[in-house]
Amino acid sequence: MTHLVVKEVIPEFVGELSDFPFHAIDDRVVKELRAAWTQYPVLRFRNVPIGDAEQVAFTRALGPVSYPVKQSRGKHEKFPEILVISNKGSGDLGDGEVTWHTDMWYIERPPSAAILRAVELPAAGGNTYFSNMYAAFTSLPDALKKRLRGLSIHHQSVLDTYDTVRLGKESPSSSDFASWPGVDHPIVRRHADSGKPCLYLGSVRAYQSIPGMKQQEAKELLDELWQRATDRADVWYQEWKPGDMLLWDNRCLMHRRDAFDRGSIRLMHRTTVEGERPLAAL
Ligand SMILES: [Fe+2]
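A look at the sheet that holds strand β15 (residues 253-257)
No. 1: With antiparallel pairing, the four strands of this open sheet are ordered in space as β6-β15-β8-β13. In this open sheet, the two edge strands, each paired with only one partner strand, are β6 (98-101) and β13 (236-238). With direction set aside, neighbouring strand axes in the sheet form an average angle of 20°.
No. 2: Across two bridges, the pairing between β6 and β15 is antiparallel. When the sheet's bridge partners are listed, histidine 101 is paired in β15 with histidine 255.
No. 3: Of the strands in this sheet, β6, β8 (128-132) and β15 are in contact with helix α5 (residues 215-230), which crosses β15 at around 75°.

So, in C-alpha cells, the structure goes:
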C-alpha cells in the first residue's frame, strides 16, 4: 500500500502531489489527502490523467458538491457541478485581471474547497496568485487583533465584481449599501479543520460595511485589513502548465488572476465543495 507523497513547495502554504491515484480514490486516500490539504491549503497536482467526470468524482470525495451560483455565463453543457471559466464562448470571467477575492463569499455557506483544472492554456499570462489568510491574521499587531473581536463584514449579494446586478437580484434602490441584501460573516473565522484563526474578507471591497460601525471608521479598518491581506511578500503564484490542477482552501486563502492575451484561449473547469457557515474565532 503506497502512501501519498507530498512535496513541500512553501511550508504551511503550498504542496505538490504527483501520481495521485485518481482512479482508485478510497477512504485511506481521502484521509491522507485531507491531512495534506489541512497542512498545505494549496495543493498542486501535475499531469492529471482525468477529464470532467473524474474531476466531479474527485470533488465529491471531499464532500457534497457546492453548485455554481446561477448566472448567465459559465454553464457546462453536461456537468452542472462544473463552472466553465474561459474567455471564449459562454465561459465566465473573460480575459481581464480578476482582483483579490474568495469564491462565493456572499452566500451563507461559501465553499470550503475549490478545484481548478486547466483544459486549455494561453502561451503566457493568466497566472493565479494566492495569499495566506492564516499568516495575514498572525501578522496583525495585537491591538488590531483585539479590535476585530466580535466584528463581521456585511457582504452584499446584489452587485458582482463588475458592478453588475446579479441574476435574480433587483437593482439597489438606495445608495446605503449597508442595507442591501447579503450575509454577515465574521472578519476572523476559525477554520473548521485546522482550528486556527484566519482573516476572511470576501470580495467587492467597495460595498462592504461593518455592522454596528460608522461607515468612515469601517472604511479605514477595512482598507487596512485589505492592504495587510493582499500586499504581502509571501504571495505565491501558480504558473499554469498543461495537465495542472489545483485544490485550494477557500476558507483561509484569497486569490486573484492576471490578465492574458485576448487572442489566445484559456479554458479552466472549476468545481467546489460545500463549506460551513463561517464561525467567529474571536
Ligand atoms: Fe475565484
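Some points on the packing of aromatic side chains
No. 1: Counted according to the given criterion, the structure contains 13 aromatic pairs.
No. 2: Relative to phenylalanine 45, the ring of phenylalanine 20 lies with its centre 5.4 Å away and its plane at 85°, an arrangement referred to as edge-to-face. A residue pair is termed long-range when its members are at least 10 positions apart, and phenylalanine 20 in the loop between β2 (14-17) and α1 (27-39) and phenylalanine 45 in strand β3 (residues 42-45) qualify at 25 residues.
No. 3: Taking the relative accessible area as the measure of exposure, phenylalanine 20 reaches 7% and is therefore buried.

A short note on the sheet that holds strand β4 (residues 83-86)
No. 1: Spatially, the eight strands line up as an open sheet ordered β1-β2-β3-β14-β7-β16-β4-β5, and their pairing is mixed. Whereas interior strands pair on both sides, the edge strands pair on one side only; in this sheet they are β1 (6-10) and β5 (92-93).
No. 2: Note: β4 against β5, two bridges, orientation parallel. Looking at the pairing, isoleucine 85 lines up with aspartate 92 of β5.

With respect to the domain arrangement of the chain
No. 1: Partitioning the chain into domains gives domain 1 (6-94 + 110-125 + 237-273) and domain 2 (132-230).
No. 2: Just the C-alpha atoms count here: the centres of domain 1 and domain 2 sit 25 Å apart.
No. 3: Taken together, the 16 residues of domain 1 in the interface contact 20 residues of domain 2.
No. 4: In total, about 1,400 Å² of surface goes out of reach between domain 1 and domain 2, with carbon and sulfur atoms giving 59% of it.
No. 5: Its largest share of buried area at the contact with domain 2, domain 1 owes to Arg251, Cys252 and Met254, together 48% of the area lost on that side.
No. 6: The interface formed by domain 1 and domain 2 contains two salt bridges.

What to know about the nonpolar core
No. 1: Counting residues in each nonpolar core, the largest one holds 42 residues, and the members touching the most others are Val42, Leu148, Ile187, Leu199 and Leu225.
No. 2: Looking at this core, the elements that each hand over two or more residues are β4, β7 (113-120), β8, α3 (133-138), β12 (197-199), α5, β14 (245-249) and β15.
No. 3: By residue number, the principal contributor to this core is α5, which donates six residues.
No. 4: Both of domain 1 (6-94 + 110-125 + 237-273) and domain 2 (132-230) provide at least three residues apiece to this core.

Concerning α1
No. 1: In this model α1 runs 19 Å from its N-terminal to its C-terminal C-alpha over 13 residues, within 8% of the 18 Å that 1.5 Å per residue would give.
No. 2: Along α1, the residues that are buried comprise Val29, Val30, Glu32, Leu33, Ala36 and Trp37. Angularly, the buried residues of α1 cover 165° about the axis, an arc narrow enough to put them on a single face. Set apart from the buried face of α1 by more than 90 degrees, the exposed residues are Asp27 and Lys31.
No. 3: Buried residues belonging to α1 abut β1, β3, α2 (52-62), β7 and β14.

Comments concerning the side chain of serine 209
No. 1: Structurally, the position occupied by serine 209 is in the loop between β12 and α5.
No. 2: The residues touching serine 209, leaving out its near neighbours within four places in the chain, are Ser152, Ile153, His154, Phe177, Ala178 and Leu222.

Points about the pattern of salt bridges
No. 1: A full pass over the atoms with the stated rule returns 23 salt bridges.
No. 2: For arginine 189, the salt bridge is made with glutamate 276, and the minimal N-O distance between the two is 3.4 Å. With a gap of 87 residues between them, arginine 189 in strand β11 (residues 188-190) and glutamate 276 in the segment after β16 (267-273) connect regions that are remote in the sequence.
No. 3: Judged by its relative accessible area of 1%, arginine 189 is buried.
No. 4: Linking glutamate 224 and arginine 228 is a salt bridge whose minimum nitrogen-to-oxygen distance equals 3.1 Å. Of the two residues, glutamate 224 and arginine 228 are both situated in helix α5; the distance of four residues between them amounts to about one turn of the helix.
No. 5: We classify arginine 228 as partly exposed; its relative accessible area is 29%.

Each value, and the rule that gives it
Residues numbered from 1 in each chain as written. Predicted model: local features only at pLDDT ≥ 70, side-chain atom pairs only at ≥ 80, totals over all residues. Heavy atoms only, no water. Pairing = 2+ DSSP bridges. Helix = DSSP H or I, 4+ residues; strand = E, 2+ residues; numbered from the N terminus. Axes fitted to C-alpha atoms, helices over the stretch in contact; angles between N-to-C directions. Contact = heavy atoms within 4.5 Å. Phe/Tyr/Trp six-rings, centres within 6.5 Å; stacked < 30°, edge-to-face > 60°. Buried < 20%, exposed > 50% of the residue type's maximum accessible area, 1.4 Å probe, protein only. Domains from an automatic or database assignment. Buried area = accessible area lost by both parts, 1.4 Å probe. Salt bridge = Lys/Arg side-chain N within 4 Å of Asp/Glu carboxyl O. Core = buried A, V, L, I, M, F, W, Y, C linked by side-chain atoms within 4.5 Å. Expected span 1.5 Å × (residues − 1). Arc of directions from axis to C-beta.

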